[in-house]
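So the chains spell out like this:
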Amino acid sequence: MHLDRLIAILEMIAVAGRPLSVAEVQKATGLPKPTCYRLMQTLQEQRLVDDPDGSSRFVIGERLIRIALLGKSDVDVRRCSAPLLKSAAIEYRETVFLARFRNNQVEIIHVEIPDDPERGYIYPGIGVRPMHSASCSKAIAAFAENQIRDAILNGTLKHYIEHSRTAPEQLRADFDRIAECGYAECEQEIDVGVASVSAPISIGNIGATFSVGALGPVSRFDAEYRAALGKSLAELATRISGAIQLCNVADV
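Scoring rules and cut-offs
- Residues numbered from 1 in each chain as written.
- Predicted model: local features only at pLDDT ≥ 70, side-chain atom pairs only at ≥ 80, totals over all residues.
- Heavy atoms only, no water.
- Core = buried A, V, L, I, M, F, W, Y, C linked by side-chain atoms within 4.5 Å.
- Buried < 20%, exposed > 50% of the residue type's maximum accessible area, 1.4 Å probe, protein only.
- Helix = DSSP H or I, 4+ residues; strand = E, 2+ residues; numbered from the N terminus.
- Contact = heavy atoms within 4.5 Å.
- Pairing = 2+ DSSP bridges.
- Salt bridge = Lys/Arg side-chain N within 4 Å of Asp/Glu carboxyl O.
- Axes fitted to C-alpha atoms, helices over the stretch in contact; angles between N-to-C directions.
- Left-handed = near helix turned anticlockwise from the far one by under 90°.

Asker: Just to check I follow, could you spell out the nonpolar core for this structure?
Answerer: Grouped burial of nonpolar side chains is what soluble globular proteins tend to show. The biggest cluster of nonpolar side chains holds 28 residues, and the ones touching the most others in it are Phe210 and Val212. Element by element, the count of residues in this core is highest for helix H9 (residues 223-246), at 7 residues. If we skip the residues at most four places from it in the chain, Phe210 touches Leu69, Val77, Leu98, Ala99, Arg100, Ile109, Ile140, Pro200, Ile201, Ile203 and Ile244. Of all hydrophobic cores here, the second largest spans 22 residues; its members include Ala134, Ala139, Leu153 and Ile178.

Spelled out as structure tokens, the structure:
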């Protein structure tokens, strides 16, 4: 019975479309006032509801959003983001990919290629990428909590090729620059002749859990081109964020 009431309150706040006061929740659910206030206090203590501006009006909390997001499988995320990624690959005429942060690592989970038989492209493959070198990883790390960045800087930083950056002070400066401009770059830090650009995908208040990027040969990916791609990818990231949040797992 206690759980039923908690769920009823959460459903009410979720569908309201705006922050609700405890009085509004109590009236809508029909719960006794003392019971409703006590349950709302419990939900707030557990960060399942939040009072974002201190006005005693509540929205769904960060913790519940995180739980819902973690429950979305790669299949769910790929399904809702693939059309946007494909459109971008055709528009940019470059390979576009989606990466995800979980278990303290970043991995590419989906790739779309351009529909241009006359233009060469590079396929990055699916799987884990280094946290200190790949643009998709750095785009997430730059906006992560301090302990995540510290774990990267204090961990084993593999030197892949000549341009790999492994000095903590270099990476710290890199993260600061990414946080300021909104996108990350990787110019021959992992593979010779390959460059990439990625933008973080922020989900609600829980930070950058995904990133979207484009990659290609360094002969095309000069500084000016990477900067233009970075701005475009940041806009694309906003659209993908919305798609992921609206993705209905039950429809998969």
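Asker: Sorry if this is basic, but what is going on with the pairing of strand S7 (residues 184-187) here?
Answerer: Each regular strand shows side chains that alternate between the opposite faces of the sheet. By the bridge criterion, 4 bridges tie S7 to strand S8 (residues 194-202) in an arrangement that is antiparallel. Bridging across to S8, Ala184 finds its partner in Ser198. Hairpin connection of S7 to S8: 6 residues between the antiparallel strands, including Gln188 at a positive phi of 55°.

Asker: Even after reading the chapter, I still don't get the pattern of salt bridges, so can you show me in this structure?
Answerer: Pairs may arise between side chains of opposite charge once their charged atoms sit close together. Per the stated rule, a full pass over the model turns up 17 salt bridges. With a closest N to O distance of 2.7 Å, Arg220 and Glu94 form a salt bridge. One end of the pair, Arg220, is in the loop between strand S9 (208-217) and H9; the other, Glu94, is in the loop between helix H5 (74-92) and strand S4 (95-102), and 126 residues separate them in sequence. Judged by relative accessible area, Arg220 falls into the partly exposed class, the value being 22%. For Lys138, the salt bridge identified is with Asp174, shortest N-O distance 3.1 Å. Linking Lys138 in helix H6 (residues 135-141) with Asp174 in helix H8 (residues 168-181), this pair joins segments that are 36 residues apart in sequence. Three or more residues joined by partner-sharing salt bridges are found here, namely Lys138, Arg165, Asp174, Arg177, Glu185, Glu187, Glu189 and Arg226.

Asker: Explanation requested: the environment of Pro32 in the structure shown.
Answerer: Take Pro32: it is sitting in the loop between helix H2 (22-29) and helix H3 (33-45). Judged by relative accessible area, which is 41%, Pro32 ranks as partly exposed. Measuring from C-alpha to C-alpha, the distance between Pro32 and Phe221 comes to 63 Å, with 189 residues separating the pair along the chain.

Asker: How should I be thinking about the packing of helix H7 (residues 146-153) against H8 in this particular structure?
Answerer: Helix-helix packing is characterised by the crossing angle of the two axes and by the distance between the axes. Where H7 contacts H8, the axes come no closer than 10 Å and their chain directions differ by 145°. H7 and H8 meet at a crossing whose hand is right-handed. Of the residues in H8, those in contact with Arg149, Ile152 and Leu153 of H7 are Pro168, Leu171, Arg172 and Phe175.

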